[in-house]
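Residues per chain, in single letters:
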Amino acid sequence: MPKSELIVGLDIGTTKICAVVGTPTDDGVMSVVGVGIHPSTGLRRGVVVNIEQTVDSIRKAIEDARMMAGCDPIRSVYVGIAGSHIKGLNSHGVIAVKGEEITQTDIDRVLEAASAIPIPQDREVIHTLPQEFCVDKQPGINNPLAMAGTRLEVKVHIVTAAVTSVQNITRCCSKSGLDTASIELESLASAKAVLNDEEREIGVALIDLGGGTCDVAIFENNAIKYTSVVGLGGQNLTNDIAFGLRTPMASAEQIKIHHGVAIPDLARSDEYIEVPSVGGREPRRLSQQVLAGICEPRMREILEFLDQELIRSGLKHKLGAGVVLTGGTSLIHGCQELAEDVFRLPTRIGYPRRITGLTDMVNKPKFATAIGLLYFGQEESSKNRLIPVSTTKELVTHDSIISRMKRWFVDRF
């Protein structure tokens, strides 16, 4: 397979590290040719707390994906970032147009004006996302290039992250022998994989129920309006199961995945679960209803926190398409029904879209972020800025992340 056609997405999560190798097709579909997944032990709530453990997991996930894809050693990846340190805010910029029509230089200038906000030294901008342009007070313009006007405005959504968190992710990739082609907010990557154009247009909330955090992204009029991260996730549920059933954490995780129920009424009274004990004691058999009694309070608490986040955004009443849940925790039996009860909005589970190849392996909500990173890389490659997977350590020189994202989103519109 030609090396220049390969794109690698790396999802560095709290409970798992997932590497997916894909190649774009002519019809815009992503063909997945390699997958590697390994337990993550070096992160807490999306933040790296142990470099060596994280590097070890990355190397194993990357090597598994490489072997499955049958390609040369992977040297460049598109990486997702999450964690409670992520903050999103809206900003506004305005400039006077110098010539008779709006040029790309004018667009760059107004985006820079919108990005000129005070940011603490311990934070950095990872995304500047245009929402809409306004020419001479005429709003709702996607691309003002070549339009006549004297005043150009833009509304943007700016995402910032802790500098140390970004540096630690980059350092982990570097120690794994990988170049970081770009870093993208995981909720935006997941949205690329699971949302359709109609949902983005009429208003939708994408919630990625991850292991350590829950990431929220709200879209309306085909633009990002709000992002946030809630510091709760599936790992909290695993902890409750381990404590409530007095079983090891690894066993609690498997019980959650295979037998977890978010609504007690959906639990079967005649289904029993073999629960390993600690300290060499004999395993026990417990009813699934006992497990549901542990799962339901924690799942409801997480969803209620997320509902408060939707209310805090001021956009809940504009979610015409409701809520789309993705991420591994969304597959807990009854999660969709419980979410509809809490949010009072139509809710569905989001699966990756427009993929071929190893669909039986990756057509699951827990792969949404990694698949979305492939689409991000595909958009980069369409503008001839893809860093190829190669056997050398040649690195294409890039501008800052802010400049890359600015050019990318301007080109999209």
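Going by the structure above, here's the rest.
These remarks concern the structure in this document. (Residues numbered from 1 in each chain as written. Predicted model: local features only at pLDDT ≥ 70, side-chain atom pairs only at ≥ 80, totals over all residues. Heavy atoms only, no water.)

### Things to note about the overall build of the protein
Tallying secondary structure elements over the protein gives 12 helices and 19 strands in all. For 413 residues, the compact-globule formula gives about 22 Å, and the C-alpha radius of gyration of the protein, at 22 Å, lands near that figure. Buried residues in the protein amount to 55% of all 413 residues. Counting only contacts in the protein whose residues sit at least 6 apart along the sequence, the fraction spanning at least 24 positions is 68%. When the accessible surface of the protein is split by element, carbon and sulfur atoms take 49% of a total near 17,500 Å². Treating the 44 positive side-chain charges of the protein as one cloud and the 50 negative ones as another, the clouds have centres 4 Å apart. (Helix = DSSP H or I, 4+ residues; strand = E, 2+ residues; numbered from the N terminus. Rg over C-alpha atoms; globule rule 2.2 N^0.38 Å. Buried < 20%, exposed > 50% of the residue type's maximum accessible area, 1.4 Å probe, protein only. Contact = heavy atoms within 4.5 Å. Areas by Shrake-Rupley, 256 points an atom, 1.4 Å probe, with all protein chains shown as cover. Lys, Arg positive; Asp, Glu negative; His and termini not counted. Charge placed at Lys NZ, Arg CZ, Asp CG, Glu CD.)

### Concerning the pattern of salt bridges
Pairs can form between side chains of opposite charge whenever their charged atoms are close. Scanning the entire structure with this criterion turns up 17 salt bridges. Among the ionic pairs, Glu184 bridges to Lys192, the shortest N-O distance being 2.3 Å. Given the relative accessible area of 10%, Lys192 is considered buried. Among the ionic pairs, Lys256 bridges to Glu253, the shortest N-O distance being 3.3 Å. Placement of both Lys256 and Glu253 in helix 7 (residues 249–259) is noted, with a separation of 3 residues, approximately one turn of the helix. (Salt bridge = Lys/Arg side-chain N within 4 Å of Asp/Glu carboxyl O.)

### Considering the sheet that holds strand 10 (residues 151–162)
Strand order across the open sheet formed by 4 strands is 7-10-8-9, with antiparallel pairing between neighbours. Strands with a single pairing partner mark the edges of an open sheet, and in this sheet they are strand 7 (87–96) and strand 9 (138–141). Strand-to-strand, the axes of this sheet are offset by a mean angle of 35°, without reference to chain direction. Bridging between strand 8 (residues 123–135) and strand 10 involves 11 bridges; their strand directions are antiparallel. Residue Phe133 lies in a different strand from strand 10, and its bridge partner there is Val154. Against the sheet, helix 2 (residues 104–115) engages strand 7, strand 8 and strand 10, with an angle of about 130° to strand 7. (Pairing = 2+ DSSP bridges. Axes fitted to C-alpha atoms, helices over the stretch in contact; angles between N-to-C directions.)

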